[in-house]
Amino acid sequence: MITLHRSTVPAAPVIKVIGLGGAGGSALDRLVLDGIEGVTVIALNTDVQALNGGVAPQKIQLGKTVTRGLGAGGDPEIGYQAAEEAADEIKGAVEGADMIFLCTGLGGGTGSGAAPLIAHMARGSGAMVVVFATMPFSFEGKRRRTQAAESLAQLEAQAHLVVCFENDRLGETAPHKAGVQDAFVAADQMLSHSIQAIASLVRRGGIIATGLDELSAALRRSQPRCLFGYGESDGANRAHEALARALKSPLMDKGKMLADCHSVVIHLAGGPDLTVQEITTLMDEFNKHIGDDTRIDFGLATDAKLGRRLCVTIISSTGAHEAAAEPAPAPVRVQRTPPRQAPAPAQPPKRTAAAPVPVAAKAPEFEPEEDAEEIQPAAKHEPAPVAAVKTSPPAQTYRKPATEKTAAAKKEEKAEQMTLEPANRGRFEKSEPTIVDGQDLDVPTFLRKNLKLK
Amino acid sequence: MAKDQIVVGLEIGTSKVCAISAELKRDGTIQILGVGEAPSRGVRKGEIVDIETCGKCIREALADAEEKSDVMIKNVYLGITGAHIQSYNNRCSFTLPEDRAKIDREDFARVQEAARTSPIPAQNMFVHTILQHYYVDGQDGILNPVGMHGRKLEADFHIVHGVATRIRNSIQCMIDLDIEIEDIVFTPYAAAQAVLDANQKTTGAITVDIGGGTTGYIVYAGGAVKQSGVIGIGGDHITNDLSLGLRIPMGKAERLKIDEGSCAIGGTIPGEAVVLKDEHGFAGREIEREMLNTIIHMRVRETFELLKRELDKGRYAEYAGAGMVLTGGSSALRGIHEVAEDIFQMPVQVCRAQNIAGVTSAFENPQYSTAIGLVKYAQATLDDESGGWLDWFKKWFR
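Residues numbered from 1 in each chain as written. Chains lettered and ligands numbered in written order. Predicted model: local features only at pLDDT ≥ 70, side-chain atom pairs only at ≥ 80, totals over all residues.

**Things to note about the overall build of chain B**
Each helix and strand counted, chain B has twelve helices and 19 strands in total. Residues counted as buried form 47% of the 398 residues belonging to chain B. (Helix = DSSP H or I, 4+ residues; strand = E, 2+ residues; numbered from the N terminus. Buried ≥ 20, exposed ≤ 12 C-beta atoms within 10 Å, placed from the backbone.)

Here is the structure:
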């Protein structure tokens with residue numbers, strides 16, 4: 001008998017994941033604890049304490065002389081300088097990778113300032129650069145958002161692909177009653193899942209492979225901002241459920257966004273028991289969400305490790321009209337903004353609520369207060385991260401579940417993942433959605449039409 | 001039909017399973033013997049999602065019907081629905097063999113057979129091939145081609161098809177219960193048989209069957225079915241909206257919808273409230289009537305707008321001279337016909353089954369239209385098969 005060996009991708013691409021700043025670090029922790037395989041994980045931060053609290057095996061401190069181990073103080077300028085100072089170390093770390101994921105939270109100092117520069121260095125090494133960025137909550141103030149938007153514009157110029165998550169959107173999808181901590185955990189999870197999904201998509205090869213080339217070909221055509229959805233399920237109706245979850249990803253806007261896309265990469269991965277019927281069902285359903293002219297790049301892989309699970313990854317770029325809404329690219333160095341900005345990329349709502357409405361003229365008044373806050377985390381030298389969590393402000397408690405989580409707690413995590421789904425379908429939660437024009441009609445009409453109920 | 005015959009129509013709805021046993025009289029009238037009913041579980045949007053649970057509900061409904069009508073139920077006409085059901089119009093033809101130029105009765109069957117080869121997706125199966133019109137050698141408007149001379153018999157069919165596996169789920173339920181299925185019937189088609197008379201069908205009418213989980217529609221024009229379909233939205237959605245919007249349990253929302261709800265907005269006194277009594281761990285609530293009605297109105301309006309878009313695709317609705325007939329459980333909602341009139345711009349009436357005798361409570365309620373329609377469908381097909389009792393009578397005297 002002649003046996004044919006199906007050769008997978010000749011050499012698995014080298015993937016490196018860089019977590020930059022506070023938010024990036026948390027996402028990285030989550031990723032490491034989730035047990036991602038075959039990637040090198042590197043944490044970068046100006047804040048030494050945060051850096052040491054993380055679990056990433058490789059750590060690079062930015063701005064040893066510029067910030068002296070403290071945070072960047074919400075100032076992108078400092079973030080930029082700090083990255084510049086550590087340029088050699090960074091270049092050394094990114095060397096030899098085929099693909100680099102840079103995840104960071106924009107709006108703060110380290111993330112907004114250093115990310116474009118790091119993306120530039122990463123690209124210089126010849127790798128494909130995918131940036132996962134979170135935009136600050138709108139309650140964090142206009143200035144932070146402007147900073148984030150500027151930085152994002154630069155990232156888009158530097159990176160091959162930018163997956164941008166709006167924190168506001170994450171807040172919307174978390175159940176109404178979920179605490180702020182859960183919302184941040186959800187944000188971390190979203191980042192972590194996205195990275196894992198793209199990494200495995202590229203690495204897995206498969207029966208119908210979608211490699212780096214397809215990915216970039218499909219997305220580079222338009223602008224680099226992209227839509228991203230990931231879902232998995234191992235239930236009886238897993239094809240439907242996995243797709244539904246992927247479409248419910250915060251970036252997908254329940255599949256509404258897909259209607260305007262001209263090209264979509266969809267990748268399915270399942271265990272050996274994945275059937276053609278399931279694929280057909282899933283794709284039929286998926287086709288309802290996209291336009292007739294949309295180009296679909298379909299990828300399919302089987303992986304015994306997945307067992308009963310079926311994973312769906314959807315990547316697409318947004319329409320051109322949204323690109324116009326983006327701010328014009330600013331010079332690589334983000335303009336210095338008043339030091340009013342908080343250092344942590346994810347600011348606790350409590351503090352912002354207490355702070356007055358930001359007025360530029362008043363900014364200097366806040367300087368001492370901010371400085372005090374600056375020093376505060378550094379002054380506390382508590383080695384155990386769990387202990388630090390208890391005493392530090394809420395901004396840091398958002399890392400808590402990640403650090404406490406063990407790999408054994410997978411099951412619990414699955415339950416948490418469920419909380420990401422919007423809980424507004426009521427009794428139709430488990431039934432097949434009725435979708436017309438990308439709208440899920442099971443969601444109450446008054447909700448979709450934004451009617452305010454008294 | 002040689003003698004009185006007893007048939008049973010079974011509708012597995014989203015909110016209830018309903019079995020109606022009826023006697024088809026020799027004079028063409030229908031006498032309802034009994035109505036068996038059970039609240040439905042394991043059905044979502046008209047489709048079975050839990051065969052076991054659903055089987056129990058069906059058994060309950062059939063037992064209820066057996067007891068009330070004193071009839072042993074062995075076979076049923078089964079109503080099916082679900083958003084997967086689609087339809088389109090197709091012309092099929094049959095060319096007569098060289099040695100024959102006169103169309104006979106068997107050629108009908110041959111065209112029917114041809115209709116069953118119309119293209120439908122691979123995973124789908126035929127539910128109906130409903131005859132619209134005959135053409136003989138391209139000549140239009142032939143009412144009865146039997147005995148006519150021609151080379152080619154053509155016919156337009158309205159073809160209704162749905163996903164085979166889902167339809168088989170309903171069938172499986174009946175197999176499990178050891179009940180034979182005489183025929184499967186698309187529920188809006190059945191409902192139309194119950195609520196429309198021949199005159200309305202000729203003039204042109206739209207039947208909209210608003211059930212618990214689905215809204216089915218069927219358009220008649222010139223005596224033939226022109227368009228039909230299902231939207232996966234029904235009364236359950238209204239209840240769900242109320243439950244989520246007012247933050248009350250589903251059961252309470254359902255009661256509130258039936259007892260107090262209305263589609264009409266603006267007719268309330270400002271601040272007018274509906275009081276929900278506290279009981280069994282449910283803290284009492286006062287709900288503003290305006291809000292209650294607004295939630296219902298928005299859902300109903302949206303459903304009708306969606307339906308209008310569907311109807312506009314076929315453009316047959318323009319010829320519906322007799323207007324629109326609403327039926328099904330959710331058509332009992334107050335003010336629903338006004339919303340429909342506003343959107344469809346045609347006369348709308350809420351209708352129950354027509355020309356039926358027997359248990360009054362059964363045919364006076366629009367929620368039984370479909371089940372009664374199944375019985376009427378049975379009558380029509382049985383008539384067809386035997387050539388009608390009148391034919392039989394004529395033959396006897398010939």
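**A few points about the overall build of chain A**
A tally of regular secondary structure across chain A gives 19 helices and twelve strands. Per-residue burial for chain A yields a buried fraction of 50% across its 454 residues. Long-range contacts, defined as pairs at least 24 residues apart, comprise 77% of the intrachain contacts of chain A with a sequence gap of at least 6. (Contact = placed C-beta atoms within 7 Å.)

**Quick word on the sheet that holds strand E19 (residues 357–358) of chain B**
All names here are of chain B. The strand order across the open sheet formed by six strands is E11-E6-E1-E2-E3-E19, and the pairing between neighbours is mixed. Looking along the sheet, the strands with just one partner apiece sit at the ends: strand E11 (180–186) and E19. Here strand E1 (residues 5–12) runs beside strand E6 (residues 75–80); their pairing, made up of three bridges, is parallel. Each bridged residue has a counterpart across the sheet, and for glutamate 11 the counterpart in E6 is glycine 79. Of the strands in this sheet, E1, E6 and E11 touch helix H3 (residues 164–176), which is tilted by about 155 degrees from E6. (Pairing = 2+ DSSP bridges. Axes fitted to C-alpha atoms, helices over the stretch in contact; angles between N-to-C directions.)

**Quick notes on the environment of B:Cys351**
All names here are of chain B. Position of cysteine 351 relative to the elements: it lies in the loop between strand E18 (348–350) and E19. Here the alpha-carbon distance between cysteine 351 and methionine 324, two residues 27 residues apart in the chain, equals 9.6 Å. Aside from chain neighbours lying at most four places away, what touches cysteine 351 is Val195, Val325, Leu326, Thr327 and Pro366.

**Regarding the packing of helix H6 (residues 235–246) of chain B against helix H8 (residues 289–314) of chain B**
Residue and element names in this part refer to chain B. For the pair H6 and H8, interaxial distance at closest approach is 9 Å and the crossing angle is 140 degrees. As far as their axial angle goes, H8 and H6 are oblique. Where H6 crosses over H8, the handedness of that crossing is right-handed. When H6 is examined against H8, the residues His237, Ile238, Asp241, Leu242 and Gly245 are found in contact with a partner set consisting of Ile295, Ile296 and Arg299. (Parallel < 35°, antiparallel > 145°, perpendicular 65-115°, else oblique. Left-handed = near helix turned anticlockwise from the far one by under 90°.)

**Topic: the interface of chain B and chain A**
Taken together, the 22 residues of chain B in the interface contact 16 residues of chain A. Elements with a contribution of two residues or more to the side of chain B that touches chain A: H6 and H8 of chain B. Class assignment of the residues belonging to the side of chain B that touches chain A gives a composition of nine nonpolar, six polar and seven charged. (Nonpolar A, V, L, I, M, F, W, Y, C, P; charged D, E, K, R; others polar.)

**Regarding the confidence of the model for chain B**
Residue and element names in this part refer to chain B. In this model, chain B carries a mean pLDDT of 88, and residues with pLDDT of at least 70 account for 94%. Mean pLDDT across the elements of chain B bottoms out in helix H12 (residues 388–397) (49) and peaks in strand E12 (residues 205–210) (95). Interface confidence in the predicted complex, given as ipTM, is 0.79; pTM for the same model is 0.54. (pLDDT = per-residue confidence, 0-100.)

**Examining the sheet that holds strand E7 (residues 86–95) of chain B**
Residue and element names in this part refer to chain B. With respect to topology, four strands assemble into an open sheet ordered E7-E10-E8-E9, the strand pairing being antiparallel. At either margin of the open sheet sits one strand with a lone partner, and together these are E7 and strand E9 (139–142). Each strand of the sheet is rotated relative to its neighbour by a mean of 45 degrees, with strand direction disregarded. Contacts between H3 and the sheet are confined to strand E8 (124–136) and strand E10 (152–163), with E10 contributing the most and set at about 75 degrees to the helix.

**A few points about unusual backbone geometry**
Residue and element names in this part refer to chain B. Notably, aspartate 70 is not glycine yet its phi reads approximately 60 degrees, a positive angle. Although it is not a glycine, aspartate 178 adopts a positive phi angle of roughly 65 degrees. Among the secondary structure elements, aspartate 178 is positioned in the loop between H3 and E11.

**A word on the pairing of strand E3 (residues 30–39) of chain B**
All names here are of chain B. Pairing of strand E2 (residues 16–24) with E3, which is carried by nine bridges, proceeds in the antiparallel orientation. Opposite isoleucine 20, over in E3, you have valine 35 as the bridge partner. In sequence, E2 turns back onto E3 through a hairpin of five residues, with glycine 28 there showing a positive phi of about 90 degrees. Pairing geometry for E3 and E19, over two bridges, is parallel. Residue pairing for E19: isoleucine 32 is matched across the bridge by glycine 358.

**Notes on the nonpolar core**
Among the nonpolar cores identified, the biggest contains 105 residues, and B:Val8, B:Ile20, B:Tyr77, B:Val185, B:Val219, B:Met324 and B:Leu326 are the most heavily contacted of them. Per-element tally for this core: the top contributor is H8(B), with eight residues. When sequence neighbours within four positions are dropped, the list of residues in contact with B:Leu326 reads B:Val208, B:Ile210, B:Ser331, B:Ile336, B:His337, B:Ala340, B:Val348, B:Val350 and B:Cys351. Counting 98 residues, the second-largest nonpolar core is a separate cluster that includes A:Ala186, A:Ala187, A:Ala197 and A:Leu310. (Core = buried A, V, L, I, M, F, W, Y, C linked by C-beta atoms within 7 Å.)

**Section: the packing of H8(B) against helix H9 (residues 336–344) of chain B**
For any two helices packed against each other, the geometry comes down to the angle between their axes and how far apart the axes lie. Residue and element names in this part refer to chain B. Running from N to C, H8 and H9 point in directions that differ by 40 degrees, and their axes come no closer than 10 Å. Here H8 lies oblique to H9, going by the angle between them. Our pair here, H8 against H9, has a crossing hand that is right-handed. On H9, the residues that touch His297, Val300, Arg301, Phe304, Glu305 and Lys308 of H8 are Ile336, Val339, Ala340, Ile343 and Phe344.

**Description of H8(B)**
The end-to-end C-alpha distance of H8(B) is 38 Å, a good match for the 38 Å that 26 residues give at a rise of 1.5 Å each. Within two residues after H8(B), B:Arg315 carries a phi angle of roughly 60 degrees, on the positive side. (Expected span 1.5 Å × (residues − 1).)

**Thoughts on H9(B)**
All names here are of chain B. Within the span of H9, buried status applies to Ile336, Val339, Ala340 and Phe344. Axial view of H9: buried residues confined to an arc of 110 degrees, hence all on one face. Of the surrounding elements, those touching the buried residues of H9 are H8, strand E17 (324–327) and E18. The positive-phi residue at the C-terminal boundary of H9 is glutamine 345, with phi of around 55 degrees. (Arc of directions from axis to C-beta.)

**Here's the deal with the confidence of the model for chain A**
Residues and elements named next belong to chain A. With 64% of its residues at a pLDDT of 70 or more, chain A has an overall mean of 68. When pLDDT is averaged over each element of chain A, strand E1 (residues 15–20) comes out on top at 86 and helix H15 (residues 385–391) at the bottom at 34. In the model, residues 319–422 has pLDDT below 50 throughout and makes 145 contacts with residues more than four positions away in sequence or in other chains.

**Describing the environment of A:Met283**
Structurally, A:Met283 is set in helix H11 (residues 276–287). For the pair formed by A:Met283 and A:Phe298, sequence separation is 15 residues and the distance between their alpha carbons is 9.5 Å.

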